[in-house]
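These are the residues of each chain, in order.
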Amino acid sequence: MTDPEAALGLLVQRALAEQLGSEFATADPLIRPSGFADYQSNVAMSLAKRLGRPPRQVAELIANGLDGASAVETAEVSGPGFINITLRDRWLAEQADDQLADPGLGVPIVGPAQCVVVDYSAPNVAKEMHVGHLRTTVVGDAVVRVLEFLGHRVIRANHIGDWGTQFGMLLEHLLDVGEQVAYDQLAAGEINDFYQAAKQKFDADPVFAERARLRVVALQSGDPETVRLWQTLVRDTEHYYNAIYRRLDVKLTDADLVPESFYNSMLADVCDELESLGVAVISEGALCAFPPGFTARDGSPLPIILRKSDGGYGYDATDMAAIRYRVRELGADRLIYVVGSEQALHFSMVFAVARQAGWLTDKVRAEHATIGMVAGADRKRFRTRSGGSVKLSTLIDEAVERAEEVIRDRYEDPVQRRQIAEAVGIGALKYGDLSVARDSSYVLDFDRLLALTGNTGPYLQYATARIRSIFQRAGLDPAQVTGPIQLGTSAERVLALQLLGLGRAISDTAAAAEPHKLAGFLFELASAFTTFYEQCPVLTAEGETRVSRLALCALTLRVLATGLGLLGIPVPERM
Ligand code: ARG
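Residues numbered from 1 in each chain as written. Predicted model: local features only at pLDDT ≥ 70, side-chain atom pairs only at ≥ 80, totals over all residues. Heavy atoms only, no water.

### Examining the overall build of the protein
- Counting its regular elements, the protein contains 21 helices and 13 strands.
- Within the protein, the fraction of its 575 residues that count as buried is 53%.
- Accessible surface for the protein amounts to roughly 25100 Å². Of this, 51% is attributable to carbon and sulfur atoms.
- Positive and negative side-chain charges of the protein, numbering 57 and 74 respectively, have mean locations separated by a distance of 2 Å. (Helix = DSSP H or I, 4+ residues; strand = E, 2+ residues; numbered from the N terminus. Buried < 20%, exposed > 50% of the residue type's maximum accessible area, 1.4 Å probe, protein only. Areas by Shrake-Rupley, 256 points an atom, 1.4 Å probe, with all protein chains shown as cover. Lys, Arg positive; Asp, Glu negative; His and termini not counted. Charge placed at Lys NZ, Arg CZ, Asp CG, Glu CD.)

Right, dumping it as structure tokens:
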């Protein structure tokens, strides 16, 4: 184990058992970072009452118990009973050596592997994927990568919206313009124009509206020609999404498409099961479930609607079917929904009903990984000047063009410049989504996202490129560097301690599906490296010091590149 915090926790528990009795061996050691030492343990204060002794006295006992541990340099009692603990340089250096030697960088694979379904991206057919979808796509993809790295079996589920009454008007419009024209328009990403044109006709032309209604009926009853047209429309849109996924280097492929319509054949049975369990009841002709604790403003119970009074099914029913399918057929242990915060009520109600039905239990959890809003400079939802939602491909183009401006002076060769601009622009855009707590909203400001300093994608990409150039100048392959590492200065020590936090950053990220934790860790690591590099000469150092510092550089490079890879941020070799 290379994680200092976990190692120290075990040492404190051992000291507790030795000094106070074995029944204390499992007490939470309450290790926290400290301003006065590497860590502090607050355990004495929490146990004092139970022991009937003053906390400082308890702290003294534990501190004595820690003395002599090979990992501990000093353990000192302070204040009301804090134990300030400083780790031994030798021990830290050994842990860093172990991390360098381990292909898995010392990240522990904890607990049994789970089957996790991650529901993310999920744009809608014939509707533009907007910045909000970009954020769920990017965050979901990072969550998937982190869970897979930890050895879990991950099922990516792209729950795209391919069903509903709006398909009547969309298909009639498709017929009006012709399949080829529609294809060209959709493939070019003019998706909103297509949708708007259909909607305008639907609102203004009663004859068209009637055709649309008949078309919905034909689609629902499986009329072959209508189904074929619908599939064309779905495929054309998927084609466009796929191009964006490839450009963003997101892991989603056609194999991960599990659209809303996939669940159609299960809906009647899902309703029957919920009804026979007594979870769903008929209310005003519709089949509804009233999960306990959800009420409208006037205090009346709030329903989810499983089957409308006209017999139709909607978004709620589909999500109920998806939960049952994922738990029963896929054998999921954990369901993560990376979806906008505006759907919080929907998911908490749907989850509550699934718990009532016994589909979700203490062992099979579902969580809504809420995604906050991406705002424009005016702090309102990000939009184009004309007020429409932004075409995602345009947004990506803009990021890349601006990135090219930022790096213009560094490259003569236009092809190479373009390649790096693509990595920097897309990296900046993705990192912007990942570095902020996913449930908070943030302002999309290209100047900030593309800055070469601060918690940005380009700063981290630049940090890795800079370390690579150290090895280039030395004529060394960073993969061949072995150490041993020695910690002479405080900058080296801070860097090593930070490097050893990788496993914790990754497991914290997996625990609550929060990539900003890993992003924050990488930013602190790059900052610690910058200080180290300013204060500790590497190539001009001699002997063991040079060997050690090169090893710290190599380890930093690997941890940064691995971490950025887990976030899905491209790492250009040069910058
Ligand atoms: N298509 C939906 C939207 O654009 C998101 C679907 C999220 N996933 C789900 N299982 N409901 O808002």
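That covers the picture; the talk isn't over yet.
### Points about the environment of Ser41
- Within the element layout of this structure, Ser41 appears in strand 2 (residues 39-41).
- Given the relative accessible area of 0%, Ser41 is considered buried.
- Taking C-alpha positions, Ser41 is 45 Å from Ala322, a pair spaced 281 residues apart along the chain.
- Leaving out residues up to four positions away in the same chain, Ser41 has contacts with Val12, Pro29, Leu30, Ile31, Gly81, Phe82, Ile83 and Ile85. (Contact = heavy atoms within 4.5 Å.)

### Some remarks on the site of the ligand
- Lining the immediate environment of the ligand, one finds Asp119, Ala122, Asn124, His133, His159, Tyr315, Asp319, Tyr337, Val339, Gln343 and Phe347.
- With respect to the ligand, the backbone of Ala122 contributes an N or O atom lying 2.9 Å from a nitrogen atom.
- Here an oxygen atom of the ligand sits 2.9 Å away from a polar atom, N or O, in the side chain of Gln343.
- Here the ligand, which alone exposes 350 Å², has 89% of that area covered by the protein.
- Of all elements in the fold, only helix 12 (315-328) and strand 10 (334-340) reach the threshold of two or more residues within the shell around the ligand.
- When grouped by side-chain class, the residues that make up the shell around the ligand number 5 nonpolar, 4 polar and 2 charged. (Near = heavy atom within 4 Å. Polar contact = N/O pair within 3.5 Å; in protein donor to acceptor, adjacent residues only side chain to side chain. Nonpolar A, V, L, I, M, F, W, Y, C, P; charged D, E, K, R; others polar.)

### Examining the nonpolar core
- Membership of the largest hydrophobic core comes to 152 residues, with the highest contact counts inside it found for Ile62, Leu395 and Leu444.
- Per-element tally for this core: the top contributor is helix 21 (residues 543-567), with 12 residues.
- Look past the residues within four positions of Leu444 in its chain and what remains in contact with it is Val131, Val374, Ala375, Phe382, Leu395, Leu429 and Leu449.
- With 40 residues, the next largest nonpolar core counts Tyr263, Leu267, Leu274 and Ile323 among its residues. (Core = buried A, V, L, I, M, F, W, Y, C linked by side-chain atoms within 4.5 Å.)

### Side note on the packing of helix 5 (residues 131-149) against helix 19 (residues 502-511)
- Across the interface, helix 5 lies against helix 19 with an axial gap of 9 Å and an inter-helix angle of 120 degrees. Relative to helix 19, helix 5 is oriented oblique. Of the two elements, helix 5 crosses helix 19, and the hand of that crossing is left-handed. Taking contact as the criterion, the partners of Val146, Leu147 and Phe149 in helix 5 are, on helix 19, Ile506, Thr509 and Ala510.
- By residue class, the composition of the contact of helix 5 with helix 19 is 5 nonpolar, 1 polar and no charged. (Axes fitted to C-alpha atoms, helices over the stretch in contact; angles between N-to-C directions. Parallel < 35°, antiparallel > 145°, perpendicular 65-115°, else oblique. Left-handed = near helix turned anticlockwise from the far one by under 90°.)

### Observations concerning the side chain of Arg324
- In this structure, Arg324 sits in helix 12.
- At 3.0 Å, the side chain of Arg324 forms a polar contact with the side chain of Asp269.
- Apart from the residues lying within four places of it in its own chain, the contact partners of Arg324 are Met266, Asp269, Val270, Glu273, Glu329 and Trp359.

### What to know about helix 15 (residues 414-435)
- Taking 1.5 Å of rise per residue, the 22 residues of helix 15 would be expected to cover 32 Å, and the 30 Å separating its terminal C-alpha atoms lies within 8% of that figure.
- The buried fraction of helix 15 amounts to 16 of the 22 residues, a majority that puts the element mostly inside the structure.
- Where helix 15 begins, the capping side chain belongs to Asp413, and its oxygen is found 3.0 Å from the backbone nitrogen of Val415. (Expected span 1.5 Å × (residues − 1).)

### Regarding the sheet that holds strand 3 (residues 72-78)
- Strands sit in the order 1-2-4-3 across an open sheet of 4 strands; the sheet is antiparallel. For this open sheet the edge positions go to strand 1 (31-33) and strand 3, each flanked by a neighbour on one side alone. The sheet shows a mean angle of 30 degrees between the axes of neighbouring strands, taken without regard to direction.
- Pairing analysis gives 6 bridges linking strand 3 to strand 4 (residues 82-87), with the strands arranged antiparallel. Looking at the pairing, Glu76 lines up with Asn84 of strand 4.
- Most of the contacts of helix 3 (residues 55-66) go to strand 3, to which it runs at about 175 degrees, and overall it touches strand 3 and strand 4. (Pairing = 2+ DSSP bridges.)

### Notes on the pairing of strand 6 (residues 153-157)
- For strand 6, the buried fraction is high: 4 of the 5 residues fall into the buried class.
- In terms of strand pairing, strand 5 (residues 115-119) meets strand 6 through 5 bridges, oriented parallel. Residue Val116 lies in a different strand from strand 6, and its bridge partner there is Val154.

### Re the side chain of Asp433
- Its location among the elements puts Asp433 in helix 15.
- Summary of buried charges: Asp433 has no salt-bridge partner, and the nearest side chain of opposite charge, Arg135, is 4.0 Å away. (Salt bridge = Lys/Arg side-chain N within 4 Å of Asp/Glu carboxyl O.)

### Describing the packing of aromatic side chains
- Summed over all chains, the structure comprises 11 aromatic pairs.
- Ring geometry for Tyr263 against Tyr325: centres 6.0 Å apart, planes inclined by 75 degrees, an arrangement best described as edge-to-face. One end of the pair, Tyr263, is in the loop between helix 10 (224-248) and helix 11 (267-276); the other, Tyr325, is in helix 12, and 62 residues separate them in sequence.
- You can call Tyr263 buried: its relative accessible area is 1%.
- Where Phe347 meets Phe351, the ring centres are 5.7 Å apart and the plane angle is 40 degrees; that geometry is what we call tilted. Taken together, the residues span about one helical turn, with Phe347 and Phe351 both in helix 13 (residues 344-356) at a distance of 4 residues. Residue Phe347 shares its accessibility class with Phe351, and that shared class is buried.
- Each member of the aromatic cluster is reached from another via a ring pair, and the members are Phe262, Tyr263 and Tyr325. (Phe/Tyr/Trp six-rings, centres within 6.5 Å; stacked < 30°, edge-to-face > 60°.)

### Concerning the pairing of strand 8 (residues 286-289)
- Of the two faces of strand 8, both are covered, the one formed by Ala286 and Cys288 as well as the one formed by Leu287 and Ala289.
- In the sheet, strand 7 (residues 280-283) pairs with strand 8 via 4 bridges, with the strands oriented antiparallel. Bridged to Ala280 within strand 8 is Ala289.
- The turn linking strand 7 back onto strand 8 is made up of 2 residues, and Glu284 within it adopts a positive phi angle of 50 degrees.
- Note that strand 8 and strand 9 (residues 304-307) share 3 bridges and pair antiparallel. The partner of Leu287 across the bridge, within strand 9, is Arg307.

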